[in-house]
Amino acid sequence: MKEKIDALKNLVSAGLLKSTERLNKVSSFRWKVLDVSFELSRKDYESVCVYLISKNYDKLAFLLFIKKEDASKIFKIFSGYYLSDSFEYKKSYELLISEIGNIMLNSVLSEIANRLSKIIIPDVPRIINGEKKFILENISGMLEENKSKVPLSATVLVESENDKLSIELYFFIENGVIEKL
Amino acid sequence: MRFVIVDDNSSTRLTVKIALEKMGHNVVGEAENYDEAVKVISETDFDILLLDLLIPGGSGVDVLRKVGTRNKKVIAITALEQDGIDKELMRLGVCFILRKPFSFDELKKAIEECV
């Protein structure tokens, strides 16, 4: 099993590396994979969460968390403005964060699908706001046979000239899937 | 050339529309989910379809399985990079797969590859 878990870590790292390379092409931030581990961070915070659950392969759920204030900073650098009270701002902001989640989470999903020689098409990524711990508990509770799933976390560092932000990612993957890797 | 854009993200549709118009093209139809995509592809006269793979109600692959390419050029847009999906898209007649995020130049190149 250790070999399989190492294989999974390598797939997550490879997927995140690809996604950060892609994001670096279009962003003034520098995106960098910092850590992939099985140590789940206990830090709780107000977050913006993007999550996806596979449509035809219901054994996978992937989540991305950004601290609420960091998500605003990312949006400000991409768009050049910050108007937190406006409806249009909120809509654009959520679309941007959702697209970042889409790119990062689907890069990892693609690595796993390729390793399994399967087609895995997930649902459209969804975005929710709230405390990280609360969201994690709720989404992991939604998954069937959650106890048999292995949670894996990763951290991606995002650097701009003035700031360093981190993004946390969580992957719930069933043991049976890991054994096939 | 006349384009149809299928993408659930309204900001992406707007950005791509502006980019296409800057290149001298026209956007003649838009859709943000599976049902709208099937309808607009079936009922609109266009030259190139820009098709996002992850849309509500069914995937872009499902859309192509339902309506086919109608002998038009299709550029698939996606953050996915799966060998199985790429092969299926090519089998269904897609002429180019554009990975997200993409630049103005990459979009231009994808169009040139298809025509």
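Not measured: the values here are computed from a predicted model. (Residues numbered from 1 in each chain as written. Chains lettered and ligands numbered in written order. Predicted model: local features only at pLDDT ≥ 70, side-chain atom pairs only at ≥ 80, totals over all residues.)

J.: What's the story with the packing of helix α2 (residues 34-43) of chain B against helix α3 (residues 60-67) of chain B in this structure? I'm lost.
T.: Residues and elements named next belong to chain B. One can describe the packing of α2 onto α3 by two numbers: an axis separation of 10 Å at closest approach and a directional angle of 40°. For the element pair α2 / α3, the angle class is oblique. In the crossing of α2 with α3, the sense of the turn from one axis to the other is right-handed. Between α2 and α3, the contacting residues are Tyr34, Ala37, Val38, Ile41 and Ser42 on the first element and Asp62, Val63, Lys66 and Val67 on the second. Class assignment for the residues of the contact of α2 with α3 results in 6 nonpolar, 1 polar and 2 charged. (Axes fitted to C-alpha atoms, helices over the stretch in contact; angles between N-to-C directions. Helix = DSSP H or I, 4+ residues; strand = E, 2+ residues; numbered from the N terminus. Parallel < 35°, antiparallel > 145°, perpendicular 65-115°, else oblique. Left-handed = near helix turned anticlockwise from the far one by under 90°. Contact = placed C-beta atoms within 7 Å. Nonpolar A, V, L, I, M, F, W, Y, C, P; charged D, E, K, R; others polar.)

J.: Just to check I follow, could you spell out the sheet that holds strand β3 (residues 48-52) of chain B for this structure?
T.: Backbone hydrogen bonds are what pair the strands of a sheet, in a parallel or an antiparallel way. Residue and element names in this part refer to chain B. An order of β2-β1-β3-β6-β7 is seen for the 5 strands of this open sheet, with the pairing classed as parallel. Looking at strand neighbours, the two that pair on one side only are β2 (26-31) and β7 (96-99), the edges of this open sheet. Neighbour-to-neighbour, the strand axes of the sheet open up by a mean angle of 20°, direction not taken into account. With 5 bridges connecting them, β3 and strand β6 (residues 73-78) associate as parallel partners. The residue of β6 that forms the bridge with Asp52 is Ile77. On the sheet, α2 packs against β1 (2-6), β2 and β3 and is oriented at approximately 145° with respect to β2. (Pairing = 2+ DSSP bridges.)

J.: When you look at the nonpolar core in this model, what are you seeing that I'm missing?
T.: One broad trend across soluble globular proteins is that nonpolar side chains are buried collectively. The biggest cluster of nonpolar side chains holds 79 residues, and the ones touching the most others in it are Phe62, Leu63 and Leu64 of chain A. Top contributing element to this core by residue count: helix α3 (residues 87-116) of chain A, with 10 residues. (Core = buried A, V, L, I, M, F, W, Y, C linked by C-beta atoms within 7 Å. Buried ≥ 20, exposed ≤ 12 C-beta atoms within 10 Å, placed from the backbone.)

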